[in-house]
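Summary of the model geometry
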Amino acid sequence: MQLQADLAIMGVSLVNPDTVCDYLARHMDLPSIVRQTVMEVRQALPNVRLSLELVYDQEDTNTETLVLHLHPAEVGIALFEDLRTWNRKVAGQMASSEAWFVITLDLRLSPR
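The written sequence of each chain sets the order in which its residues are numbered from 1. Since the coordinates come from a predicted model, pLDDT governs what is reported: local features require at least 70, and pairs of side-chain atoms require 80 or more to be given and counted, while whole-chain, interface and lining totals use all residues. Processing note: side-chain calculations cover all non-hydrogen atoms of the structure and skip hydrogens and water entirely.

Criterion used throughout: strands pair if DSSP finds at least two bridges between them. Helix and strand definitions follow DSSP, with helices as H or I runs of at least four residues and strands as E runs of at least two, each counted in order from the N terminus. Reading across the sheet, the 4 strands line up as 1-2-3-4 and stay open at both edges, with mixed pairing between neighbours. The open sheet has two edge strands with one neighbour each: strand 1 (12-15) and strand 4 (101-105). On average, each strand axis in the sheet is tilted by 25° relative to the strand beside it, whichever way the strands run. Strand direction decides the pairing type here: strand 3 (residues 64-71) and strand 4, joined by 5 bridges, are parallel. A fitted line through C-alpha atoms represents every axis, and for helices the fit uses only the stretch in contact; the resulting angles, taken between N-to-C directions, go from 0 to 180 degrees.

So, on to the nonpolar core. In plain words, nonpolar cores are sets of buried Ala, Val, Leu, Ile, Met, Phe, Trp, Tyr and Cys residues tied together by side-chain atoms within 4.5 Å. Between buried and exposed lies partly exposed: a residue is buried under 20% and exposed over 50% of the maximum accessible area for its type, with that area taken using a 1.4 Å probe on protein chains only. Counting 30 residues, the largest nonpolar core has V34, L52, L68, L70 and F101 as its most contacted members. Mapped by element, the contributors of at least two residues to this core are helix 1 (2-9), strand 1, helix 2 (17-26), helix 3 (30-44), strand 2 (49-56), strand 3, helix 4 (77-93) and strand 4. Ranked by residues supplied to this core, first place goes to helix 3 with 5 residues. Two residues qualify as a contact provided that any one of their heavy atoms is within 4.5 Å of a heavy atom in the partner residue. The residues contacting L70, other than those within four sequence positions of it, are V41, L45, V48, R49, L50, L79, W86, I103, T104, L105 and D106.

A few words now on the environment of V12. Within the fold, V12 resides in strand 1. Residues V12 and R42, spaced 30 residues apart in sequence, show a C-alpha to C-alpha distance of 9.8 Å. Not counting the four nearest positions on each side in its chain, V12 is found in contact with L7, V38, L50, S51, L52 and L68.

By salt bridge we mean one thing: a side-chain nitrogen of Lys or Arg within 4 Å of a carboxyl oxygen of Asp or Glu. Considering all chains together, one arrives at 4 salt bridges under this definition. When salt bridges that share partners are traced, they join D22, R26 and E64 into one network.

Here H27 lies in the loop between helix 2 and helix 3. With residues up to four places along the chain from it excluded, the contact list for H27 reads E98 and A99.

A few words now on the pairing of strand 3. The side chains of a regular strand alternate, residue by residue, between the two faces of the sheet. The element strand 3 is extensively covered by neighbouring structure, given that 8 of its 8 residues are classed as buried. Here strand 3 shows no split at all, with E64, L66, L68 and L70 on one side and T65, V67, H69 and H71 on the other all buried. Bridge count for strand 2 against strand 3 is 8 bridges, and the pairing is antiparallel. Along strand 3, the bridge assignment pairs L52 with L68.

Now for the packing of helix 3 against helix 4. If you want to describe how two helices pack, look at the angle between their axes and the distance between the axes. The contact between helix 3 and helix 4 brings their axes to 11 Å, and the two run at 165°. Regarding the angle of helix 3 to helix 4, the classification is roughly antiparallel. Like other packed secondary-structure pairs, helix 3 and helix 4 cross with a definite hand, here right-handed. Within the contact between the two elements, helix 3 uses I33, T37, E40, V41 and A44 and helix 4 uses W86, K89, V90 and Q93. Here the term charged refers only to Asp, Glu, Lys and Arg, the term nonpolar to Ala, Val, Leu, Ile, Met, Phe, Trp, Tyr, Cys and Pro, and the term polar to all other amino acids, Gly among them. Here the residues of the contact of helix 3 with helix 4 sort into 5 nonpolar, 2 polar and 2 charged. Angle categories: roughly parallel below 35 degrees, roughly antiparallel above 145, roughly perpendicular from 65 to 115, and oblique for all the rest. The crossing is said to be left-handed when, going from far helix to near helix, the turn is anticlockwise and less than a right angle, and right-handed when the turn is clockwise.

Okay, here's the thing in structure tokens:
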């Protein structure tokens with residue numbers, strides 16, 4: 001999948017790549033939205049670690065959401081404002097889609 005190669009070039013790690021790629025293949029409108037979103041995040045935050053994961057609602061396993069996790073070293077008001085802007089833009093682009101895609105912060109400490 002070309003998107004998977006593009007994401008790797010942009011420094012995005014895929015959590016369970018097969019499930020992420022399968023979800024993207026089932027929602028043809030999603031790859032371009034993900035690619036554009038990652039490019040915008042990268043432009044604003046060139047050094048932030050990014051990961052893409054398909055998550056399931058714990059109460060309803062039929063609900064899947066593709067999540068772009070930002071793993072910032074520092075968090076400030078500007079980052080929250082950017083996050084809100086990116087999510088609003090994505091929501092507008094996906095208004096007629098059956099897919100779910102969100103951008104969020106992962107503030108857990110990770111091994112470096």
